[in-house]
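One-letter residues, chain by chain:
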Amino acid sequence: QVQLVESGGGLVQAGGSLRLSCAASGRTFSNAAMAWFRRAPGKEREFVAAIKWSGGNTYYADSVEGRFTISRANAGNTVYLQMNSLKPEDTAVYFCAANSFVKFVRSSQIRNPREYDLWGQGTQVTVSS
């Protein structure tokens, strides 16, 4: 059993920064890609950012491009999301996700939540104005 554990969420003022972390515990697995999604109150879950493990290609939603940075640790299955210049509309529960069942994820599908089989419990990010 693999568990994704998120940390780093909290309350921050607009313009501030937060760094989210997601670490995998339990059995090792082949990691094709990891990603961050978020769900705002009354909204559907939406893609935020993703990184392919081999090569480190990164992908971002237009709404966070230039403000958020996704990165991975040198060892282990750990991913980070550095969030700068936060806005009230960034308020949401942020979920970490991983693809552990294929060796690669097509770029055209990397924003699709169905490409990910491992999910964290979510961490609340609240940005006040």
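It should be noted that the structure appears before, not after, this text.
On a predicted model such as this, the values are computed, not experimentally measured, just so you know.

Cut-off values and rules
- Residues numbered from 1 in each chain as written.
- Predicted model: local features only at pLDDT ≥ 70, side-chain atom pairs only at ≥ 80, totals over all residues.
- Heavy atoms only, no water.
- Helix = DSSP H or I, 4+ residues; strand = E, 2+ residues; numbered from the N terminus.
- Rg over C-alpha atoms; globule rule 2.2 N^0.38 Å.
- Buried < 20%, exposed > 50% of the residue type's maximum accessible area, 1.4 Å probe, protein only.
- Areas by Shrake-Rupley, 256 points an atom, 1.4 Å probe, with all protein chains shown as cover.
- Disulfide = S-S within 2.5 Å.
- Phe/Tyr/Trp six-rings, centres within 6.5 Å; stacked < 30°, edge-to-face > 60°.
- Salt bridge = Lys/Arg side-chain N within 4 Å of Asp/Glu carboxyl O.
- Pairing = 2+ DSSP bridges.
- Axes fitted to C-alpha atoms, helices over the stretch in contact; angles between N-to-C directions.

**Student:** Just to check I follow, could you spell out the overall build of the protein for this structure?
**Tutor:** Helix and strand counts for the protein stand at zero helices and eleven strands. Computed over the C-alpha atoms, the radius of gyration of the protein is 14 Å, within 12% of the 14 Å expected from 2.2 N^0.38 for a compact globule of 129 residues. If one aligns the C-alpha atoms of the protein with their principal axes, the spans along those axes are about 40 × 30 × 30 Å. Per-residue burial for the protein yields a buried fraction of 47% across its 129 residues. Looking at the protein as shown, the accessible area adds up to about 6800 Å², and 44% of this sits on carbon and sulfur atoms.

**Student:** Any chance you could explain the state of the cysteines here in plain terms?
**Tutor:** Two cysteines joined by a covalent bond between their sulfur atoms form a disulfide. Applying the stated criterion across every chain yields a total of one disulfide. Residue pairing for C22: its cysteine sulfur links by disulfide to C96, the two sulfurs lying 2.1 Å apart. The disulfide joining C22 to C96 has a torsion of about -80° about its S-S bond and is therefore left-handed. Residue C22 is found in strand β3 (residues 18-26), and its partner C96 is found in strand β9 (residues 92-99); the two are separated by 74 residues along the sequence.

**Student:** Got a minute to help me understand the packing of aromatic side chains in this structure?
**Tutor:** Here the distance between the centres and the angle between the planes together describe a pair of aromatic rings. Summed over the entire model, instances satisfying the criterion amount to four aromatic pairs. Measuring from ring centre to ring centre gives 5.7 Å for F37 and F47, while their planes differ by 75°; the resulting arrangement is edge-to-face. Remark: F47 occurs in strand β5 (residues 46-52) and F37 occurs in strand β4 (residues 33-39); sequence separation between them is ten residues. Assessed through its relative accessible area of 1%, F37 is described here as buried. What makes F47 buried here is its relative accessible area of 10%. Aromatic side chains Y116 and W119 sit 6.5 Å apart centroid to centroid with 80° between the ring planes, which places their arrangement in the edge-to-face category. Given the relative accessible area of 4%, Y116 is considered buried.

**Student:** Can you help me understand the pattern of salt bridges in this one?
**Tutor:** Once their charged atoms are close, side chains differing in charge can pair, the charge on each being opposite to the other. Going through the model one piece at a time under the given rule, you end up with three salt bridges. Residue D90 is joined to R38 by a salt bridge in which the shortest nitrogen-to-oxygen separation is 3.0 Å. Of this pair, D90 sits in the loop between β8 (78-83) and β9 while R38 sits in strand β4, and the two are 52 residues apart along the sequence. Neither residue differs from the other here; D90 and R38 are each classed as buried. D90 is the salt-bridge partner of R67, the closest N and O atoms lying 2.8 Å from each other. Taken as a pair, R67 in the loop between β6 (58-60) and β7 (68-72) and D90 in the loop between β8 and β9 lie far apart in primary sequence, 23 residues in all.

**Student:** Looking at this structure, I do not really get the sheet that holds β8. What am I missing?
**Tutor:** Backbone hydrogen bonds hold the strands of a sheet together, and the pairing may be parallel or antiparallel. Ordered in space as β1-β3-β8-β7, the four strands form an open sheet in which the pairing is antiparallel. Every interior strand has two partners, whereas the edge strands, β1 (2-7) and β7, have only one. With direction set aside, neighbouring strand axes in the sheet form an average angle of 15°. Strand direction decides the pairing type here: β3 and β8, joined by six bridges, are antiparallel. Note that in β8 the partner of S21 across the bridge is Y80.

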